[in-house]
Each structure stands twice: as C-alpha cells, then as structure tokens.
Amino acid sequence: MEKPKTEQHVKVAHRALFVALRKDIRRHPGGYQALAQEMGLPGANAHVVLSSQFNPDDLTHAPKAKGLLDMLETLRAGYAQNVLSGYGSDRVDFSEHGMTAADRATFCLGKIGELADVIRAKSEAVADGKVDRREHREIANLLRPLLPELTAFCDAVEE
C-alpha cells in the first residue's frame, strides 16, 4: 500500500479503519458529543470537529495522530482493533522456530483441534440458524488468532 501523501489521502488509504471507527463511535453511549467530553476537547462544537475528522466520507479533515490514538484509547475500539490487527504481518514463519515438517503437522493438527473446539462450543448458539452481533463477534474473536497460523502451515506445505 502506498503511503498517504496528504491528510485527505489518509482516509482513502485507511478507509476500513475509519469505517470501523465510525461503527465504534456510533456504539459508544452519547456518540461524538460524549467522546468529545471524555477526551477533554475544548469548545461547544468539539463533537462536530470529531464527526468531521472520523467520517470516512469527509476527505477535508482527518485527525492528527494524537487525536486518532486518543480516540482509540477512549473507545477501546472493537471494530477498529480488528482492522488494526490486520495491518501487521499475520504470516507465521515456521523456519524461524526451527520446526520440521513433522513439527508443523503436529502444530497444525493442534490448531485444527482448537478450531473444532470453537465450532463445538458455538454450534449450539447458532443452532437456531440466526447469529446475532454478539455471537458473531465471539466466534470471530475465537477464530481470528487461529487463521494466520493455519494459513502459514498451508503456505509452508505448498513451498
């Protein structure tokens, strides 16, 4: 991904993050107005400024790094944290750990076992054929750490 060159391009290059932040902000009790107060922002219109800065469709204003970090800290942003977790390298390098092919297979089978445990634990919750937001979030949070390791195993086998 090319680095953003201007403030406006930040929202284009990192749109997924700003969309996720907007979801987190809307879930926050009191929304932008409450967040402006919690973050200690001065002025009667601080919530309007935040609304503009964190609106993924408003390319005229983007938050400065401090404002972004303050928002993440104040929100303890669930959706945004999921997006941010994808920014790092998810690839597990088995060779760095000195794992043999047999070690990788054992490791992967263990992860498949963990995946089966998640499926067993959550199958009752989704037996009605409906998955609400809470159930979806719980399942995603359980699966997310397993996927990079399983993908790395498959990639290592193909190399």
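Below: a short report on this structure. (Residues numbered from 1 in each chain as written. Predicted model: local features only at pLDDT ≥ 70, side-chain atom pairs only at ≥ 80, totals over all residues. Heavy atoms only, no water.)

The subject of this paragraph is the pattern of salt bridges. A complete count under the given rule lists four salt bridges for this structure. The salt bridge partner of Arg15 is Asp57, with a shortest N-O separation of 3.0 Å. Placement of Arg15 in helix 2 (residues 15-27) and of Asp57 in the loop between helix 4 (46-53) and helix 5 (65-75) is noted, with a sequence separation of 42 residues between them. The class of Arg15 is partly exposed, set by a relative accessible area of 35%. A salt bridge links Asp24 to Arg27, with the nearest nitrogen and oxygen atoms 3.5 Å apart. Within this pair, Asp24 and its partner Arg27 are both found in helix 2, separated by three residues, close to a single helical turn. (Salt bridge = Lys/Arg side-chain N within 4 Å of Asp/Glu carboxyl O. Helix = DSSP H or I, 4+ residues; strand = E, 2+ residues; numbered from the N terminus. Buried < 20%, exposed > 50% of the residue type's maximum accessible area, 1.4 Å probe, protein only.)

So, about helix 4. Those residues of helix 4 not exposed but buried are Ala46, Leu50, Ser52 and Gln53. Buried residues of helix 4, viewed axially, fall in a sector of 160 degrees; they line one side. (Arc of directions from axis to C-beta.)

With that settled, consider the side chain of His28. Its place among the elements puts His28 in the loop between helix 2 and helix 3 (31-38). Beyond its immediate chain neighbours, meaning those up to four positions away, His28 contacts Ala34, Leu35, Glu38 and Leu75. (Contact = heavy atoms within 4.5 Å.)

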